[in-house]
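# Commentary on secondary and tertiary structure
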Amino acid sequence: MFDYHMHTCYSGDSDAPVEDMIEAAIKKGLSSICITDHHDPDFPQDECDFTLNTDSYFPAMESFREKYRSKIDVRIGVELGLQPHLGPYFADYIKNYPFDFIIGSTHVAGGQDVYYPAYYKGRNESEAYGEYFETVLENLNAFSDIDVCGHLDYVVRYGPNKNRYYTYEAYASYLEPILKLLIEKNIGLEVNTGGYKRGLGTTNPMPDVIRRYLSLGGEIITLGADAHTPDMVAYEFPRAVALLKECGVRYLCTFQQRKPVFHKL
Ligand SMILES: [Zn+2]
Ligand SMILES: [Zn+2]
């Protein structure tokens, strides 16, 4: 099995030593992982710096990849925090580093991190969620040289009612164009088990989004726990795999030098 979304102390919000993350993955019997530390330049909140020092990150990851080569495949990735105005910046940035895998995630909408309650204040849930999905589409139009779209319905983790009233039908007008664009641009869909940790009872995105991606012709699916600590590596993977099978997913992807490799589920 493969965990293709995890953070280490190179991310502004994790203290986990890289070795501890890799060793946790080996203990769980994973054959391949991708470390995807945050790079969110121009992040609006002051509390945390999510800018990745990629010049030191990249050689460090290369040395870990060598050190653990006989035990596990360590791939080098990044989770880009997309914002519409950063398209040209990211296009230039990714040219400088031979990443195996690039996740494009939307954390910020309307100038705020949707993680914070302030984003939901003074308006109803459908406006808040709708603005988030509009921003995802805007971000993908501004920059699409990514391998997967990270945790597509991330916003429902943090809304006051989380996913209680969230259905595919209610947000289809936002989600359909996003899924169609992903497929047109050959971008995969990341299935993120962080939703289980946040009490949603499901992954991000939810199963109906995964089903719709497949029915529209999408084929590239990756699985990631979004672990920021070693104990969360491959979190709830058996549950997620059962859900993926139920959705009709037949292959999971790993990536090497930005090329997908399909593995039978
Ligand atoms: Zn993220
Ligand atoms: Zn992440």
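It should be noted that the structure appears before, not after, this text.
In what follows, the accompanying structure is described. (Residues numbered from 1 in each chain as written. Chains lettered and ligands numbered in written order. Predicted model: local features only at pLDDT ≥ 70, side-chain atom pairs only at ≥ 80, totals over all residues.)

## So, helix H8 (residues 237-247)
An α-helical turn contains 3.6 residues, so any two residues separated by three or four positions project in the same direction. All of the buried residues along H8 are Phe237, Ala240 and Leu244. Summarising the axial view, the buried residues of H8 lie within an arc of 60 degrees, below the 170-degree limit, and thus occupy one face. Residues Pro238, Ala242, Lys245 and Glu246 are exposed on H8 and point more than 90 degrees away from its buried face. Where H8 is buried, its residues touch strand E8 (188-192) and strand E9 (221-224). (Buried ≥ 20, exposed ≤ 12 C-beta atoms within 10 Å, placed from the backbone. Helix = DSSP H or I, 4+ residues; strand = E, 2+ residues; numbered from the N terminus. Arc of directions from axis to C-beta. Contact = placed C-beta atoms within 7 Å.)

## Points about the sheet that holds E9
What the seven strands build is an open sheet, ordered E1-E2-E3-E4-E7-E8-E9; its pairing is parallel. Looking at strand neighbours, the two that pair on one side only are strand E1 (2-3) and E9, the edges of this open sheet. In this structure, E1 lies alongside strand E2 (residues 32-39), joined through two bridges in parallel fashion. Residue pairing across strands places Phe2 opposite Ser32, the latter belonging to E2. (Pairing = 2+ DSSP bridges.)

## Section: the packing of helix H4 (residues 125-142) against helix H5 (residues 168-184)
The N-to-C vectors of H4 and H5 enclose an angle of 15 degrees; their axes lie 10 Å apart at closest approach. Put simply, H4 runs roughly parallel to H5. Helix-helix and strand crossings are classified by hand; for H4 and H5 the assignment is left-handed. The segment H4 lies against H5, with Tyr129, Gly130, Phe133, Glu134, Val136, Leu137 and Leu140 engaging Tyr171, Tyr174, Leu175, Pro177, Ile178 and Leu181. A breakdown of the residues in the contact of H4 with H5 according to their chemical character gives 11 nonpolar, one polar and one charged. (Axes fitted to C-alpha atoms, helices over the stretch in contact; angles between N-to-C directions. Parallel < 35°, antiparallel > 145°, perpendicular 65-115°, else oblique. Left-handed = near helix turned anticlockwise from the far one by under 90°. Nonpolar A, V, L, I, M, F, W, Y, C, P; charged D, E, K, R; others polar.)

## Observations regarding the environment of Glu138
The residue Glu138 is located in helix H4 in this model. Residue class for Glu138 comes out partly exposed when judged on the 16 C-beta atoms lying within 10 Å of it. Along the sequence, Glu138 and Ile210 sit 72 residues apart, while their C-alpha atoms lie 21 Å from each other.

## Quick notes on unusual backbone geometry
Backbone torsion omega between Asn204 and Pro205 reads 0 degrees, so that peptide bond is classified as cis. The backbone of Asn186 sits at a positive phi, close to 60 degrees, despite the residue not being glycine. Mapped onto the fold, Asn186 is located in the loop between H5 and E8. The exposure class of Asn186 is exposed, given the 12 C-beta atoms found within 10 Å.

## Remarks on the pairing of E8
In the case of a regular strand, side chains alternate between the two sheet surfaces. Counted residue by residue, E8 has five buried out of five residues, so it is predominantly covered. With two bridges connecting them, strand E7 (residues 148-149) and E8 associate as parallel partners. If you follow Cys149 over to E8, its bridge partner there is Leu189. Bridge count between E8 and E9: four bridges; the pairing is parallel. Among the inter-strand pairings, Asn192 is bridged to a residue of E9, identified as Gly224.

## Structural notes on the environment of Cys34
Within the element layout of this structure, Cys34 appears in strand E2. Since 28 C-beta atoms lie within 10 Å of it, Cys34 is described here as buried. As for Cys34 and Val78, which are separated by 44 residues in sequence, their C-alpha atoms are 8.7 Å apart. If near-sequence neighbours (up to four positions away) are discounted, Cys34 is found in contact with Tyr4, Arg75, Gly77, Asp100, Phe101 and Phe255.

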